[in-house]
Amino acid sequence: MKRMVQVFSAKLVLEVFGGAGAIWGFSEVCFLRSTDTQEFWRTNACVFGVIFAVRWLMQIRDYMTQVGGSKISLDEGSAKRLAQIFSAKMVLEVFGGSGAIWGFSEVVTLRRTETLEFWRYNACVFALIFFVRWCLQVREYMLEHGMTNTYKVCITAPEIQLNTEKTALTSQENSNSYGV
């Protein structure tokens with residue numbers, strides 16, 4: 001029980017409050033939040049906070065189920081599981097990483113009127129770096145779980161033909177066609 005409290009109190013701060021804070025901070029970094037749109041973004045941040053709170057409660061339920069000895073079906077390798085994992089990662093890591101740079105620069109008084117654009121630029125660079133990292137993680141997950149199936153477009157001279165048959169990506173392609 002002690003371990004559960006330790007883990008889930010940290011998750012509450014980092015994932016629930018962090019999810020709402022990520023939306024709030026990132027909206028300002030991207031010039032989306034202003035005095036005119038502040039209440040709109042406040043509502044959006046609160047909605048994300050509620051979504052992440054429900055997610056947090058579901059994690060507690062799953063933890064308690066596992067402690068009780070039951071096995072949880074996670075649907076590993078499904079598109080649904082991919083969306084569950086990586087939508088949260090997008091908010092918490094990409095938007096949150098950018099928002100953290102933005103917010104921290106203000107907390108330690110580095111972000112002032114004369115340095116505002118410098119810190120906005122840095123927050124955007126961090127968002128870009130974390131977005132590339134996120135894309136690589138999605139790719140790795142898909143490769144690990146055999147989710148590399150895609151539709152292949154075959155281009156043959158002199159006509160273009162669409163092959164709608166679902167096939168796996170391979171490194172060997174026909175000499176007169178290109179897999180896209």
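Keep in mind the model is a prediction, meaning the values are calculated, not measured. (Residues numbered from 1 in each chain as written. Predicted model: local features only at pLDDT ≥ 70, side-chain atom pairs only at ≥ 80, totals over all residues. Heavy atoms only, no water.)

1. Here's the deal with the packing of helix α3 (residues 79–107) against helix α4 (residues 116–144)
Between α3 and α4, the least distance of the axes is 8 Å, while the angle of their chain directions is 160 degrees. Taken together, α3 and α4 sit at an angle that is classed as roughly antiparallel. In this structure, α3 crosses over α4, and the sense of that crossing is right-handed. Residue composition of the contact of α3 with α4, by class: 19 nonpolar, five polar and five charged. (Axes fitted to C-alpha atoms, helices over the stretch in contact; angles between N-to-C directions. Helix = DSSP H or I, 4+ residues; strand = E, 2+ residues; numbered from the N terminus. Parallel < 35°, antiparallel > 145°, perpendicular 65-115°, else oblique. Left-handed = near helix turned anticlockwise from the far one by under 90°. Nonpolar A, V, L, I, M, F, W, Y, C, P; charged D, E, K, R; others polar.)

2. Focus: the nonpolar core
Formed by Met 4, Phe 8, Val 16, Ala 22, Ile 23, Trp 41, Ala 45, Phe 52, Trp 56, Ile 60, Ala 88 and Val 91, the largest nonpolar core amounts to 12 residues. Breaking this core down by element, the ones donating at least two residues are α1 (2–29), α2 (38–67) and α3. Once residues within four sequence positions are removed from consideration, Ala 45 is found in contact with Ala 20, Ile 23 and Trp 24. (Core = buried A, V, L, I, M, F, W, Y, C linked by side-chain atoms within 4.5 Å. Buried < 20%, exposed > 50% of the residue type's maximum accessible area, 1.4 Å probe, protein only. Contact = heavy atoms within 4.5 Å.)

3. Considerations on the packing of aromatic side chains
Counted under the stated rule, the structure contains eight aromatic pairs. Judged by centre distance (6.4 Å) and plane angle (80 degrees), the rings of Phe 86 and Trp 134 are edge-to-face. Here Phe 86, found in helix α3, pairs with Trp 134, found in helix α4; they are 48 residues apart in sequence, far enough to count as distant. Overall, the relative accessible area of 6% leaves Phe 86 in the buried class. A residue is classified by how much of its surface remains accessible, and Trp 134, at 17% relative accessible area, is buried. Ring centres of Phe 126 and Phe 130 lie 6.3 Å apart, and the angle between their planes is 35 degrees; this geometry places the pair in the tilted category. (Phe/Tyr/Trp six-rings, centres within 6.5 Å; stacked < 30°, edge-to-face > 60°.)

Keep in mind these values describe shape, not function.
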